[in-house]
Amino acid sequence: MSLRRQVLLFGVGGTIGLVVDAGVVQALVSWGHWNPYLARVVSFLAAATATWLWNRRYTFAHRHSGRSLWTEWMHWIALMSVGAVVNYGAYAAILFLYPWLHEWPAIAVAASSAAASLVNFATARGVLFNRAKTTT
């Protein structure tokens, strides 16, 4: 699969992750009255799991990690945490600069996600799904 197609599919997965991330954080804040900073930790785990499911099935279907599903998921979460640090830092800065977004954290999620997407693609492709699948 071409790099261009991988980037496109990774973008689709990222969009799915963004919807999950923004939806979970907004629901926790609006209906659960959670702190928007703590809610973002939970929404990250939900979004990272959704993107892992998409990317292992579509984006990196022709590659494999050489790990069990559980180990692969844990490795994915660890790798996506690198991008999450970038994402969370931007998210926290946006909430700090625009306190009115504490009631609408989904907006801050969307704004902060773009910065992390490049980091996440590079770590997923280069570290976790770094080997081509062989036919047996």
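So, a few notes on the structure that sits alongside this text. (Residues numbered from 1 in each chain as written. Predicted model: local features only at pLDDT ≥ 70, side-chain atom pairs only at ≥ 80, totals over all residues. Heavy atoms only, no water.)

1. What about unusual backbone geometry?
Put simply, the test is: In DSSP terms, a helix is any run of H or I states spanning at least four residues, a strand is any run of E spanning at least two, and both are numbered starting from the N terminus. Exposure is judged per residue with a 1.4 Å probe applied to protein chains only, and the accessible area is read against the type maximum: over 50% gives exposed, under 20% gives buried, and values in between give partly exposed.
For His33, which is not glycine, the phi torsion reads 55° and is therefore positive. Tracing the chain through its elements places His33 in the loop between helix H1 (3-30) and helix H2 (36-59). A residue is classified by how much of its surface remains accessible, and His33, at 67% relative accessible area, is exposed.

2. Looking at the nonpolar core
Stated formally: As used in this record, nonpolar core signifies buried Ala, Val, Leu, Ile, Met, Phe, Trp, Tyr and Cys residues forming a set joined through side-chain atoms within 4.5 Å. Residue contacts are defined here by distance: any two heavy atoms, one from each residue, within 4.5 Å place the two residues in contact.
If you look at the biggest cluster of nonpolar residues, it comprises 14 residues, and the most contacted ones within it are Phe10, Phe44, Phe60, Trp76, Met80 and Ala124. Mapped by element, the contributors of at least two residues to this core are H2, helix H3 (69-97) and helix H4 (105-128). Counting residues per element, this core draws most heavily on H3, which supplies 5 residues. Sequence-distant contacts of Met80, that is, excluding residues within four places in its chain, are made with Phe44, Asn120, Thr123 and Ala124.

3. Digging into the environment of Leu79
Position of Leu79 among the secondary structure elements: in helix H3. Residues Leu79 and Tyr37, 42 residues apart in the sequence, show an inter-C-alpha distance of 21 Å.

4. What about a nonpolar patch on the surface?
This is how the line gets drawn: Patches in this entry comprise residues that are over 30% relatively accessible and not in a salt bridge; like charges within 9 Å are linked, as are nonpolar side chains (Val, Leu, Ile, Met, Phe, Trp, Tyr) within 5 Å. Surface accessibility follows the Shrake-Rupley procedure with a 1.4 Å probe radius. Residue values consider only the protein chains on display as shielding. The term salt bridge refers to a side-chain nitrogen of Lys or Arg lying within 4 Å of a carboxyl oxygen of Asp or Glu.
Nonpolar side chains collect at one region of the surface, where Phe96, Leu97, Tyr98, Trp100, Trp104 and Ile107 lie side by side and expose about 770 Å² of accessible area between them. Tracing the backbone through its elements, the reader meets Ile107 in helix H4. The class for Ile107 is partly exposed, based on a relative accessible area of 45%.

5. What to know about H4
Count 3.6 residues to each turn of an α-helix, and residues three or four apart come out pointing the same way. Rule in force here: Multiplying one less than the number of residues by 1.5 Å gives the expected span of a helix. The angle between axes fitted to the seven residues ending at a residue and the seven residues starting there is what we call the bend at that residue.
Over its 24 residues, H4 runs only 30 Å from end to end, short of the ideal 34 Å by more than 12%, given 1.5 Å per residue. The sharpest bend along H4 measures roughly 40° and falls at Ala114. For H4, the set of buried residues is Pro105, Ala108, Val109, Ser112, Ser113, Ala116, Asn120, Phe121, Thr123, Ala124 and Leu128. Turning to H4, the residues buried within the fold contact H1, H2, strand S1 (63-64) and H3.

6. Describing the packing of H1 against H4
Filter applied, for reference: Angles shown run from 0 to 180 degrees and are taken between the N-to-C directions of axes, each axis being a line fitted to C-alpha atoms and, for helices, limited to the stretch in contact. Each helix crossing is assigned a hand: it is left-handed if the near helix lies turned anticlockwise from the far helix by less than a right angle, otherwise right-handed if that turn is clockwise. Side-chain classes are defined by residue name, with Ala, Val, Leu, Ile, Met, Phe, Trp, Tyr, Cys and Pro counting as nonpolar, Asp, Glu, Lys and Arg as charged, and the others, Gly among them, as polar.
With their axes 9 Å apart at the nearest point, H1 and H4 run at an angle of 145° to one another. The hand of the H1/H4 crossing is right-handed. Contact residues: Leu3, Gln6, Val7, Phe10, Leu18, Asp21, Ala22, Val25, Gln26 and Val29 in H1; Pro105, Ala106, Val109, Ala110, Ser113, Ser117, Asn120, Phe121, Ala124 and Arg125 in H4. Each residue belonging to the contact of H1 with H4 can be placed in one class, and the counts come to 13 nonpolar, 5 polar and 2 charged.

7. What about the side chain of Asp21?
Condition: We call two N or O atoms a polar contact when they sit within 3.5 Å, provided that within protein one can donate a hydrogen and the other can accept it, with sequence-adjacent residues counted only if both atoms are side-chain atoms.
Take Asp21: it is sitting in helix H1. Here the side chain of Asp21 touches Arg40 through a polar contact of 2.8 Å, side chain to side chain. Among the polar contacts made by the side chain of Asp21, one reaches the side chain of Ser43 at a distance of 2.6 Å. Setting aside residues up to four positions removed in sequence, Asp21 forms contacts with Arg40, Ser43, Phe44, Ala47 and Val109.

8. Looking at the pattern of salt bridges
Per the counting criterion, the structure on display carries 2 salt bridges. Across the pair Arg40 and Asp21 runs a salt bridge, and its minimum N-O distance is 2.8 Å. Note that Arg40 is positioned in helix H2 and Asp21 in helix H1, a separation of 19 residues in sequence. Relative accessible area serves as the criterion here: at 4%, Arg40 is assigned to the buried category. Accessibility expressed as a relative area gives 6% for Asp21, which makes it buried. Between Glu72 and Arg56 there is a salt bridge; the shortest N-O distance is 2.6 Å. Of the two residues, Glu72 is situated in helix H3 and Arg56 in helix H2; the sequence distance between them amounts to 16 residues. Residue Arg56 is classed as partly exposed on the basis of its relative accessible area of 29%.

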